[in-house]
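# Coordinate inspection notes
One-letter residues, chain by chain:
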Amino acid sequence: MVNGLYGLIISFFTALLAIFLSKYVGITLFGFEKSPFSPIIFSIFIGLLLNNSFKELYNFNDGFKFCIKYILKAGII
């Protein structure tokens, strides 16, 4: 149960960081009025970095699966 909650928290902060990086890179670094970079790309890179850096992340699979099964589908709708 607790590990599932940690998975939710990691997913939430990954999404926030990806949104921030998307805006920072597009607006601040490249000077666009609206960022052309999708936060999804940054989420994938963050996920790759986390997964390759911390082998204990498999403990939080319950939270990740919940995010994939319910939250992602709700966001698509």
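Residues numbered from 1 in each chain as written. Predicted model: local features only at pLDDT ≥ 70, side-chain atom pairs only at ≥ 80, totals over all residues. Heavy atoms only, no water.

### Concerning the overall build of the chain
Our working rule: Helix and strand definitions here come from DSSP, where helices need a minimum of 4 consecutive H or I residues and strands a minimum of 2 consecutive E residues; each element is numbered from the N-terminal end. Only protein chains enter the accessibility calculation, which uses a 1.4 Å probe; a residue is then buried when its area is under 20% of its type maximum, exposed when over 50%, and partly exposed in between. Per-residue and other accessible areas were derived by the Shrake-Rupley procedure at a 1.4 Å probe size, with only the shown protein chains allowed to occlude residues.
When helices and strands are tallied, the chain shows three helices and zero strands. For the chain, the sequential pattern of α-helices and β-strands runs α-α-α. If one aligns the C-alpha atoms of the chain with their principal axes, the spans along those axes are about 45 × 30 × 15 Å. Buried positions account for 18% of the 77 residues belonging to the chain. Here the chain displays about 6200 Å² of accessible surface, and carbon together with sulfur accounts for 72% of that area.

### What to know about the layout of surface pockets
Put simply, the rule reads: Cavity: a set of points on a 1 Å grid over the protein atoms alone where a 1.4 Å probe fits but cannot get out. Pocket: an open set with protein on both sides within 12 Å along at least five of seven lines, its lining residues, like those of a cavity, having an atom within 4 Å of a point. Grid points are joined across faces, edges and corners, and a volume is the space filled by probe spheres set on the points. Amino acid classes used here: Ala, Val, Leu, Ile, Met, Phe, Trp, Tyr, Cys and Pro are nonpolar; Asp, Glu, Lys and Arg are charged; the rest, including Gly, are polar.
A volume near 860 Å³ is recorded for the largest pocket. Forming the walls of the largest pocket are 24 residues, and the residues nearest its centre are Ser 11, Thr 14, Ala 15, Ser 43 and Leu 72. Elements that contribute at least two residues to the lining of the largest pocket include exactly helix H1 (2-29), helix H2 (39-53) and helix H3 (61-76). Split into classes, the residues belonging to the lining of the largest pocket amount to 18 nonpolar, six polar and no charged.

### With respect to a nonpolar patch on the surface
This is how it is decided: Nonpolar side chains (Val, Leu, Ile, Met, Phe, Trp, Tyr) within 5 Å and like charges within 9 Å form the patches, drawn only from residues with over 30% relative accessible area and no salt bridge. Here a salt bridge means any side-chain nitrogen of Lys or Arg lying within 4 Å of a carboxyl oxygen belonging to Asp or Glu.
Residues Met 1, Val 2, Leu 5, Tyr 6, Ile 9, Phe 12, Phe 13 and Leu 16 make up a contiguous nonpolar surface patch of about 870 Å² in total accessible area. Here Phe 12 lies in helix H1.

### Comments concerning the packing of H1 against H3
Inclusion rule: Axis geometry follows a simple rule: fit a line to the C-alpha atoms, using only the stretch in contact for helices, then measure angles between N-to-C directions, giving values from 0 to 180 degrees. Roughly parallel covers angles under 35 degrees, roughly antiparallel covers those over 145, roughly perpendicular covers 65 to 115, and oblique covers all other angles. Each helix crossing is assigned a hand: it is left-handed if the near helix lies turned anticlockwise from the far helix by less than a right angle, otherwise right-handed if that turn is clockwise. Any two residues whose heavy atoms approach within 4.5 Å at even a single point are treated as in contact.
The geometry of H1 relative to H3 is characterised by a closest axis approach of 6 Å and an angle of 60° between their N-to-C directions. When the axis of H1 is compared with that of H3, the two are oblique. As for how H1 packs across H3, the hand of that crossing is right-handed. Here H1 contributes Gly 4, Gly 7, Leu 8, Ile 10 and Ser 11 to the contact with H3, which in turn contributes Asp 62, Gly 63, Phe 64, Phe 66, Cys 67 and Ile 71. Grouping the amino acids of the contact of H1 with H3 by side-chain chemistry returns six nonpolar, four polar and one charged.

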